[in-house]
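# Chains, contacts and geometry: an overview
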Amino acid sequence: MTDGDTLYDLVRQLYPIPRSLTGDGVRATLTAIAAHVPLDVVEVPSGTPVLDWTVPQEWVLREAWVEDLTGRRIIDAADHGLTVVGYSVPVDEVVERDVLLAHLHTLPEQPDRIPYRTSYYAEAWGFCTSQRLAATLIDERYRVHIDAARLDGALTYGEAVLPGSSTDEVVITTHICHPMLANDNASGMAVLAGLGGWLAASPRRLTYRLLFLPGTIGSITWLARHRGDLGAICAGLTIAGLGDRGSHTYKRTEREDAWIDRAVRPRAPRPR
């Protein structure tokens with residue numbers, strides 16, 4: 001079985017990778033995971049119709065920063081992977097302070113934290129920073145620069161099918177698109193990789209399908225490509241947000257009477 005130290009080491013490896021919905025960061029993430037669980041990596045070209053969605057272009061970020069007019073760099077994507085709104089369009093211009101603030105995301109209630117924001121499906125640009133830093137932006141104008149592009153490429157996901165003596169299939173998924181977020185979701189990726197390595201080395205009655213997917217569009221893409229496989233699925237779980245001290249949260253099935261509901265439901269304590 002994968003021990004806790006190995007999982008923590010994997011989290012440390014996954015955390016700094018510059019992930020987004022698509023692109024080389026996702027590929028690097030899957031390469032790291034494949035060292036722990038046998039993984040098939042699938043690439044679906046940009047523009048492919050998937051149900052009523054379309055596989056998006058890849059987003060490539062080269063550099064991004066905000067400077068004052070003396071050239072002093074105040075915000076720099078090289079310092080932290082959450083600094084730029086994901087899928088920001090290119091911009092290189094001097095803007096009024098009010099314009100910059102309208103494109104700046106903070107968490108006023110947590111003034112030292114940097115939020116995570118994306119604009120996958122709309123053309124927009126923005127920066128994320130701490131409220132404490134944003135409060136220092138008092139000049140009238142600033143230069144903003146985002147060197148980024150949306151290019152035809154592929155959506156990439158990882159899949160491991162571990163056959164059992166039964167064709168009844170349990171699907172377990174986790175999302176792989178968030179950068180520099182330990183709880184959401186380096187923890188989920190590490191736990192599913194560890195679980196997959198343990199299952200791969202264990203006798204199995206059920207068949208297990210483990211999916212490492214970009215959020216939402218990854219699941220939609222997999223479903224569009226596997227409509228004929230859905231009848232074998234007898235249960236499913238999504239693993240995310242496992243790195244905090246809270247108790248687990250389980251979203252029940254619609255009727256709340258499937259065997260997976262009974263398996264996950266906390267048992268009443270035994271009388272003493």
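Residues numbered from 1 in each chain as written. Predicted model: local features only at pLDDT ≥ 70, side-chain atom pairs only at ≥ 80, totals over all residues. Heavy atoms only, no water.

## Some words on a nonpolar patch on the surface
A cluster of nonpolar side chains, namely Leu51, Leu223 and Leu230, defines an oily patch on the protein surface of about 230 Å² accessible area. The topology assignment puts Leu51 in the loop between strand 2 (49-50) and strand 3 (53-54). (Patch = residues over 30% accessible without salt bridge, like charges linked within 9 Å, V, L, I, M, F, W, Y side chains within 5 Å. Areas by Shrake-Rupley, 256 points an atom, 1.4 Å probe, with all protein chains shown as cover. Salt bridge = Lys/Arg side-chain N within 4 Å of Asp/Glu carboxyl O. Helix = DSSP H or I, 4+ residues; strand = E, 2+ residues; numbered from the N terminus.)

## Brief notes about the sheet that holds strand 11 (residues 169-175)
Taken together, the five strands give an open sheet; going across it, the order is 1-10-12-11-13, and neighbouring strands pair in mixed fashion. The sheet is open, and its two edges are formed by strand 1 (40-45) and strand 13 (233-238), each paired on a single side. Averaged over all adjacent pairs, the angle separating strand axes in this sheet is 20°, with direction ignored. Relative to strand 12 (residues 207-213), strand 10 (residues 154-162) is paired through five bridges, and the arrangement is antiparallel. Pairing of Val161 across the sheet is with Arg209, part of strand 12. Helix-sheet contacts for helix 2 (residues 24-33) involve strand 1, strand 10 and strand 12, and the interaxial angle to strand 10 is about 15°. Taken strand by strand, helix 6 (residues 217-225) contacts strand 1, strand 10, strand 12 and strand 13, and its axis lies near 65° from that of strand 10. (Pairing = 2+ DSSP bridges. Axes fitted to C-alpha atoms, helices over the stretch in contact; angles between N-to-C directions. Contact = heavy atoms within 4.5 Å.)

## What to know about the layout of surface pockets
Considered as a void within the structure, the largest pocket measures approximately 680 Å³ in volume. Around the largest pocket, the lining comprises 20 residues; the ones closest to its centre are Leu237, Thr238, Thr249, Tyr250 and Lys251. Secondary structure elements with two or more residues in the lining of the largest pocket: strand 13 and helix 7 (259-264). Within the lining of the largest pocket, the residues separate by chemical class into ten nonpolar, eight polar and two charged. If you go around the second largest pocket, you meet 25 residues; those closest to its centre are Pro18, Arg19, Ser20, Trp59 and Leu61. Elements represented by at least two residues in the lining of the second largest pocket include exactly helix 2 and strand 4 (58-67). (1 Å grid on protein atoms, 1.4 Å probe; cavity = no way out; pocket = protein on both sides within 12 Å on 5 of 7 lines; lining within 4 Å. Points joined across faces, edges and corners; volume = space filled by probe spheres on them. Nonpolar A, V, L, I, M, F, W, Y, C, P; charged D, E, K, R; others polar.)

## Remarks on the nonpolar core
Core analysis: the largest hydrophobic core is formed by 37 residues, its most contacted members being Phe127, Val144 and Ile146. Contributions of two or more residues to this core are made by strand 1, strand 4, strand 5 (73-76), strand 6 (91-96), strand 9 (141-151), strand 10, strand 12 and helix 6. Membership of the second largest hydrophobic core comes to 28 residues, among which are Ile17, Ile176, Tyr208 and Ile260. (Core = buried A, V, L, I, M, F, W, Y, C linked by side-chain atoms within 4.5 Å. Buried < 20%, exposed > 50% of the residue type's maximum accessible area, 1.4 Å probe, protein only.)

## A closer look at the pairing of strand 12
Counting buried residues along strand 12, seven of its seven residues qualify, which places the element largely inside the surrounding structure. Because side chains alternate across strand 12, one face comprises the buried residues Thr207, Arg209, Leu211 and Leu213, and the other comprises Tyr208, Leu210 and Phe212, equally buried. Note: strand 11 against strand 12, seven bridges, orientation parallel. Bridge pairing in strand 12 places Thr174 opposite Phe212.

## What about the state of the cysteines?
Under the counting rule described, the total for this entry stands at zero disulfides. Cys128 takes part in no disulfide bond, and the closest cysteine sulfur to it belongs to Cys177, at a distance of 15 Å. Its relative accessible area of 1% is what places Cys128 among the buried residues. (Disulfide = S-S within 2.5 Å.)

## Details of the packing of helix 1 (residues 4-14) against helix 2
How two helices pack is summed up by the angle between their axes together with the distance between the axes. Where helix 1 meets helix 2, the closest approach of the two axes is 10 Å, and the angle between their N-to-C directions is 165°. On the basis of the axis angle, helix 1 is roughly antiparallel to helix 2. Here helix 1 and helix 2 pass one another in a crossing that is right-handed. Along the contact surface, helix 1 presents Leu10, Gln13 and Leu14, while helix 2 presents Thr29, Ala32 and Ile33. When its residues are assigned to classes, the contact of helix 1 with helix 2 shows four nonpolar, two polar and no charged. (Parallel < 35°, antiparallel > 145°, perpendicular 65-115°, else oblique. Left-handed = near helix turned anticlockwise from the far one by under 90°.)

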